[in-house]
Amino acid sequence: MSAPSTTTVRLGDSELSIHPLVLGTNTFNDPAAPEEFHTVLDGFLERGGTLLDTADQYSFWMPGNSGGESESVIGQWLTARRNREDVIIATKVSGKPDLQGLAPETIARGAEESLRRLQTDHIDLYYAHFQDDRTPIVESAAAFDRLVTEGKVRAVALSNFSPQAIDEWFRVAEENGFAAPVALQPQYSLVARRYEQELAATAERHGMSVFPYQVLAGGFLSGKYRTEADTEGRARGGTVKGYLTPAGLGVLDVLDDIAAAHGTDPASVALAWASAHATITAPITAATSLAQLDQLFAAAALQLTDEQVARLDEASATFV
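All figures in this text were calculated on a predicted structure; none of them were measured in a lab.

### Some remarks on the UniProt feature "domain: NADP-dependent oxidoreductase" (unreviewed entry) in the protein chain
Taken from the UniProt record, the annotation "domain: NADP-dependent oxidoreductase" (unreviewed entry) applies to residues 20–316. Annotated as residues 20–316, this span is 45% helix and 13% strand, and its ends, taken at the C-alpha atoms, are 24 Å apart.

The following block contains the structure:
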């Protein structure tokens, strides 16, 4: 096991500081048998990790689930370990099948249900998970601010929002004295670089921390999918097939070369590339074993040269 890291980064302009690797927990799908997930959580904390990322909708897509299972697994762990003050918890509202959108009553109810499942009295970082064009942003921002005022939420964040909607949220927050968002969660990877077009500048202008998701593109950038045959029978096979193009495979070739130069694996290089972007605070990535955690923490410490970053930028230029 790697030694705990002492490196931390500030979360926006909040009082929160985190390790620059975020554990995604959308695979924590069975509160009735949480032992393997708790082992991963123990290992994440032992290696110096601090920020857990979940959502009220995780993982409604699994047979028999309705959403909230990931939060329940984490809540069981927090209660069993009595370590709430050792971790920072981010969760989200607006994606659970029975709690869609960002109406004030949805936000309030979502927070109460998440708090109950997490078995805690506060959420450190609470995301508006998806942009809701039917609800005026001023109403949603007021509802999030109310949670901060009540002490149920420490900081507000946005996920899957357009640059224009982010600007509007900050405008109404300033006009009304609401808590402003401190973080943004966009999709970003070597094969999904649209974030760089406008979102990166928007986040930087507002001083937001950025925690990208799908940084490994559903596992494609790990290098384990090279042909359509590799995707057959795999849960993410349908998503990965879209990357099996000359451009996508060209990215894998460069990842292979750089990984060999560092004596590491393509996934670690892909994570290090994302972290090298000036506006990225920390990538979000999942782990299902202690061995995967070791790989992820090694990736967080991997420093690519400017030339290697430039090679990857060039290889993935068609995905901007």
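The discussion continues.
### Things to note about the packing of aromatic side chains
As enumerated under the stated definition, the model contains 10 aromatic pairs in all. For the ring pair Phe-60 and Trp-61, a centre distance of 5.5 Å and an interplane angle of 75° mean the geometry is edge-to-face. What makes Phe-60 partly exposed here is its relative accessible area of 32%. The rings of Tyr-126, Phe-144, Phe-161 and Trp-169 are connected pair by pair, giving a single aromatic cluster. A cation over a ring is seen here: Lys-92 above Tyr-127, with NZ or CZ 5.6 Å from the ring centre.

### Topic: unusual backbone geometry
Between Tyr-58 and Ser-59 the backbone carries a cis peptide bond, its omega angle lying at -5°. Structurally, Ser-59 is set in the loop between β4 (51–53) and α2 (69–81). Of note, the phi angle at Ser-94 is positive, near 115°, even though the residue is not glycine. Locating Ser-94 in the fold gives a position in the loop between β5 (88–93) and β6 (95–96).

### A look at the sheet that holds strand β12 (residues 284–286)
Here we have eight strands laid out as an open sheet, ordered β11-β10-β9-β8-β5-β4-β3-β12, and parallel in their pairing. What marks the edges here is a single partner per strand, and that holds for β11 (209–210) and β12. Judged from the three bridges that link them, β4 and β5 form a sheet pairing that is parallel. Pairing of Leu-51 across the sheet is with Ile-88, part of β5. Packing of helix α3 (residues 104–118) onto the sheet brings it into contact with β5 and β8 (123–128), and relative to β8 it is tilted by some 140°.

### Re the pattern of salt bridges
Here the idea is simple: oppositely charged side chains can pair when their charged atoms come close. Taken as a whole and assessed by the stated rule, the structure comprises 20 salt bridges. A salt bridge links Arg-154 to Asp-124; the nearest nitrogen and oxygen atoms lie 3.1 Å apart. Of the two residues, Arg-154 is situated in strand β9 (residues 153–159) and Asp-124 in strand β8; the sequence distance between them amounts to 30 residues. A relative accessible area of 44% means that Arg-154 is categorised as partly exposed. On the basis of relative accessibility, which here comes to 1%, the residue Asp-124 falls in the buried class. Lys-152 serves as the salt-bridge partner of Glu-150, at 3.4 Å between the closest nitrogen and oxygen. The class for Glu-150 is partly exposed, based on a relative accessible area of 46%. The exposure class assigned to Lys-152 is partly exposed, which follows from its relative accessible area of 23%. Among the charged side chains, a salt-bridge network with shared partners connects Glu-71, Lys-96, Asp-98, Arg-109, Glu-113 and Arg-117.

What counts as what
Residues numbered from 1 in each chain as written. Predicted model: local features only at pLDDT ≥ 70, side-chain atom pairs only at ≥ 80, totals over all residues. Heavy atoms only, no water. UniProt positions renumbered as here; feature names shortened; annotations may be inferred. Helix = DSSP H or I, 4+ residues; strand = E, 2+ residues; numbered from the N terminus. Phe/Tyr/Trp six-rings, centres within 6.5 Å; stacked < 30°, edge-to-face > 60°. Buried < 20%, exposed > 50% of the residue type's maximum accessible area, 1.4 Å probe, protein only. Lys NZ or Arg CZ within 6 Å of the ring centre and 35° of its normal. Pairing = 2+ DSSP bridges. Contact = heavy atoms within 4.5 Å. Axes fitted to C-alpha atoms, helices over the stretch in contact; angles between N-to-C directions. Salt bridge = Lys/Arg side-chain N within 4 Å of Asp/Glu carboxyl O.

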